[in-house]
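The chain contents come next:
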Amino acid sequence: MKNLTLIVSFLLTFCFFESQAQTISITTDKTALILKVGEKKKLFQDYFGKKVPDMTNNAPQQHEAYITAGTDNLLEPAIRIIHTDGNPSLDLNYISHSVVKKNENVTLTTIILKDPAYPVEVDLYYESFFKENIIKTWTKINNNEKGVIQLGNYASSMLHFDAADYWLTQFHGDWAKEMKMEESRLTHGIKILDSKLGARPNLFQPPFFTLSLNGPADENRGEVIQGTLAWTGNFQFAFEIDQFNSLRVISGINPYASTYQLGVGKSFDTPEFIFTYSDNGTGEASRNFHDWATKYGILDGTQPRLTLLNNWESTGFDFNEARLSKVLDEAKTLGVDMFLLDDGWFGNKYPRKDDKAGLGDWQVNKKKLPSGLSHLAREGKDKGLKFGIWIEPEMVNPKSELYEKHPDWILKLPNREENYFRNQLVLDLLNPEVQNFVYNVVDKLLSDNPDLAYIKWDCNRMMTNTYSPYLKNNQSNLYVDYTRSFYSVLERIRQKYPHLPMMLCSGGGGRTDYGGLKYFTEFWPSDDTDGIERLFIQWGYSYFFPSFAMANHVTSWGKESLKFRTDVAMMGKLGYDINVSQMPADELHFSQQSVQTYKSLESVIWHGDMYHLVSPYKENLAVLQYVSKAQDKAVLFSYTLHTRYGSEFAPVKLKGLDPKSSYKVEETNLFPGTTSSFHENGQSFSGAYLMDMGLHVSSGKELSSAVITITRVQ
Ligand code: GLA
């Protein structure tokens, strides 16, 4: 079978050499990136945009596709190399390219470039996903010299644009306020978005951007490019407008403190830069991302996810078997699929009773849980619940047995004081012994507790005083190789446990990227679960991630009603982290009903087409809609944030429905004892009416929310 696949893929491979095709077209259903071999065998980007006849960008300047440093380039390069003999320049000529149609939907184009004077080869890869209109691109740098070469810059991608003006939407934040959106017009010179945080890279700036051409980005109109780097480490996006008003966008690993020493005969693969183009605004671009991620970007994207009750917000570190037994009962009462045991279950010599001790000692705490984890798992099983657990295996508290045994396993500078964050340090994952340790934490947990159904993998600090005792004199490889080591541990885990659901968490939104999500089934967007704050945070992520990937928990954060907070959490993968026993009867009843309502809507929420109908960044209202691919069912979430005396919200026009079908609109997930104030509740309308005239989806009441189902009746 494997051989057959190889033969088929060989037959589908077309190799082109210099004398043949000099135009290389990387296309999807609606998009084309055209590269051309031109003067002096250089590779140029000829066109990037909508697939139309006669594609060429007609710009007076030709843009080299992957610009090298050291020869005649005057602006930011894609690649900068110092050769073994100290020559700080690179010259790249086109050698050949190949196109492999991997299947009906996916095509891989590889372009080989080479320095005519030095044995350094640079391969550019472009994988295009036809239906989803996504292109994934990365670079391989091959050192065939007789010694080490130094890579100063090594971008995954370089793209060129020629427009009248350029608008950049960036995302930024901090703990509990992640993913804030900010748009500005790019000016001449260079704008850099980057991270230097290492292990928890995305806390201040996550690796996403939206670029809009000829005007600010709009949900439904205009040319936009959305891009992201699949890398759980330092990234850099550079946007440089030159003297001719051309823009170059360079995306890749952050070269900061990372001149990479590439050994003899070695290759360096950059992470993938994933991007999409749309001439119908950010709505279409984000749907492209959702469709792609479901099939290709996130582990088991098409598989179901588990609803859960977590104990972090209700117990913190303070629990024992009796308390957890109560939480298990609460989970059962609520009707969720799983109980997730959070931080605090481990450490004996240094019990994990707060965040000051025990991290690194992954043995169950005998005082808190004398009967062990398997007992809890069994108790859960008897109650019809799955059992999941929290770990943070890359970290250590100085107050731990691990630290005592292996003081050399920690990233820390010689001759400097240790620098703590949340009282902890980062383990030196560059060291293969540490990699084994981290792998074994997971493997032992799963072997000892075969019923374990879920892992929440946390990472609660960034790197500071960054130095690896293992790497010794090669410190500039540290940032890159840390992330690679992280992936290689995950690779091993996935070989043995290919489908175990795992949440990628980093003290909130510190790890939110498609590099990590190859190994994880979901991520934790933020510790902030306040209804309003969360709405904005999820809004930002929704441009790049499908809803099923975002773990959203209903907690007691925030001043909004439980109904409001629940409706917000339902727009992703629903979970709870709240003291269920303390809920008044009506709140408990509401929550039980919400879990069931969610289960009946989850397939539309997870896999439907998402439309941002009204943005909370623009109005005092936020409205989001999901429509099933078959257009037979839709769910609309409406949040009224603020009201003004005498002003009313206009009807909101729906999207993505079949204009000719008739749909019944009904409010669901009502709080017990309340009646719907949705004006059109229970009525039926044509898809055309709903999309042209719209619905009055705001109750007009401050901090209120509504979930409306739109069901095809004929
Ligand atoms: C991080 C996570 C929280 C919780 C704590 C436990 O902050 O984001 O959800 O797991 O760690 O220490």
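Here, residues in each chain are numbered from 1, in the same order as that chain's written sequence. Since the coordinates come from a predicted model, pLDDT governs what is reported: local features require at least 70, and pairs of side-chain atoms require 80 or more to be given and counted, while whole-chain, interface and lining totals use all residues. Only heavy atoms go into the side-chain values, all of them from the structure, while hydrogens and water stay out.

**Brief notes about the overall build of the protein**
The condition that has to hold: Only DSSP runs of H or I covering at least 4 residues are called helices, and only runs of E covering at least 2 are called strands; the numbering of each starts at the N terminus. Both definitions apply: the radius of gyration is a C-alpha atom measure, and the globule rule equals 2.2 Å times residues to the power 0.38. In this scheme, a residue with accessible area under 20% of its type's maximum is buried, one over 50% is exposed, and one in between is partly exposed, where area comes from a 1.4 Å probe on protein chains only.
Counting its secondary structure elements, the protein contains 12 helices and 37 strands. By the compact-globule yardstick of 27 Å for 714 residues, the protein fits well, its C-alpha radius of gyration being 26 Å. Based on the C-alpha atoms only, the size of the protein along its principal axes is roughly 75 × 70 × 55 Å. When burial is assessed residue by residue, the protein has 60% of its 714 residues classed as buried.

**Side note on the layout of surface pockets**
In plain terms, the rule: Here the term cavity refers to a set of points on a 1 Å grid, laid over the protein atoms alone, in which a 1.4 Å probe fits but cannot get out; the term pocket refers to an open set having protein on both sides within 12 Å along at least five of seven lines, with lining residues being those that place an atom within 4 Å of a point. Grid points are joined across faces, edges and corners, and a volume is the space filled by probe spheres set on the points. Amino acids are sorted into nonpolar (Ala, Val, Leu, Ile, Met, Phe, Trp, Tyr, Cys and Pro), charged (Asp, Glu, Lys and Arg) and polar (every other residue, Gly among them). Segment limits for the domains were obtained from an automatic or database-derived domain assignment.
There is about 780 Å³ of room inside the largest pocket. Lining the largest pocket are 27 residues, with E219, L613, V614, S615 and K618 sitting closest to its centre. Listed by contribution, the elements that provide at least two residues to the lining of the largest pocket are strand 12 (166-172), strand 13 (180-185) and strand 32 (609-614). Along the lines of polarity and charge, the residues of the lining of the largest pocket split into 12 nonpolar, 6 polar and 9 charged. Counting the residues that make up the lining of the largest pocket, at least three belong to each of domain 1 (2-297) and domain 3 (611-712). Forming the walls of the second largest pocket are 24 residues, and the residues nearest its centre are Q62, E64, I67, D72 and R248. Counting only elements with at least two residues in the lining of the second largest pocket, the list comes to strand 5 (63-64) and strand 18 (246-253). Each residue belonging to the lining of the second largest pocket can be placed in one class, and the counts come to 6 nonpolar, 9 polar and 9 charged.

**Some points on the domain arrangement of the protein**
Accessible area lost upon the coming together of the parts serves often as the stated size of an interface. Note the following rule: Any two residues whose heavy atoms approach within 4.5 Å at even a single point are treated as in contact. By convention, the term buried area covers the 1.4 Å-probe accessible surface removed from two parts as they join, with the contributions of both added.
Considered domain by domain, the protein is made up of domain 1 (2-297), domain 2 (308-607) and domain 3 (611-712). Between the C-alpha centres of domain 1 and domain 2 there is a distance of 33 Å. Contact residues are listed per partner, giving 50 residues for domain 1 and 48 residues for domain 2. Counting each side, the surface lost to burial between domain 1 and domain 2 is near 3,800 Å², with a carbon and sulfur contribution of 59%. Considering only the surface of domain 1 that becomes buried against domain 2, A199, R200 and T232 emerge as the three largest contributors, covering 19% of it.

**Topic: the sheet that holds strand 27 (residues 452-457)**
To be explicit about the condition: Any two strands are treated as partners once DSSP identifies two or more bridges connecting them.
Pairing within the open sheet is parallel, and its 8 strands lie in the order 29-28-27-24-23-22-31-30. Strand pairing shows two members of the sheet lacking a second neighbour, strand 29 (522-523) and strand 30 (551-554), which therefore form its edges. The sheet contact formed by strand 28 (residues 502-504) and strand 29 spans 2 bridges and is parallel. Residue pairing across strands places M503 opposite E522, the latter belonging to strand 29.

**Here's the deal with the site of the ligand**
Where we set the bar: Distances are taken per atom, and a residue is near a molecule or strand as soon as one of its heavy atoms is within 4 Å of it. Residues adjacent in sequence count toward polar contacts only when both atoms are side-chain atoms; beyond that, a polar contact is any pair of N or O atoms within 3.5 Å, and within protein one must be able to donate a hydrogen and the other to accept it.
As a matter of local geometry, the ligand sits amid 13 residues, with D342, D343, K456, D458 and D527 nearest to it. Here D342 contributes a side-chain N or O atom positioned 2.7 Å from an oxygen atom of the ligand. Residue K456 places a side-chain N or O atom 2.8 Å away from an oxygen atom belonging to the ligand. When the residues that make up the shell around the ligand are grouped by side-chain class, the tally is 4 nonpolar, 3 polar and 6 charged.

**A short note on the nonpolar core**
What counts here: Here the nonpolar core consists of buried residues drawn from Ala, Val, Leu, Ile, Met, Phe, Trp, Tyr and Cys, with membership extended through side-chain atoms lying within 4.5 Å.
Membership of the largest hydrophobic core comes to 177 residues, with the highest contact counts inside it found for L341, W345 and W457. Take this core: its biggest share by element is 9 residues, from helix 8 (residues 478-496). Setting aside chain neighbours within four positions, we find L341 in contact with N311, F319, L324, L369, L373, L376, F387, G388, I389 and W390. L621, V665, L695 and V697 belong to the second largest nonpolar core, which has 21 residues in total.

**Looking at helix 10 (residues 562-569)**
Among the 8 residues in helix 10, 8 count as buried, and that is most of the element. Those residues of helix 10 that fall on the buried side of the exposure criterion are L562, K563, F564, R565, T566, D567, V568 and A569.

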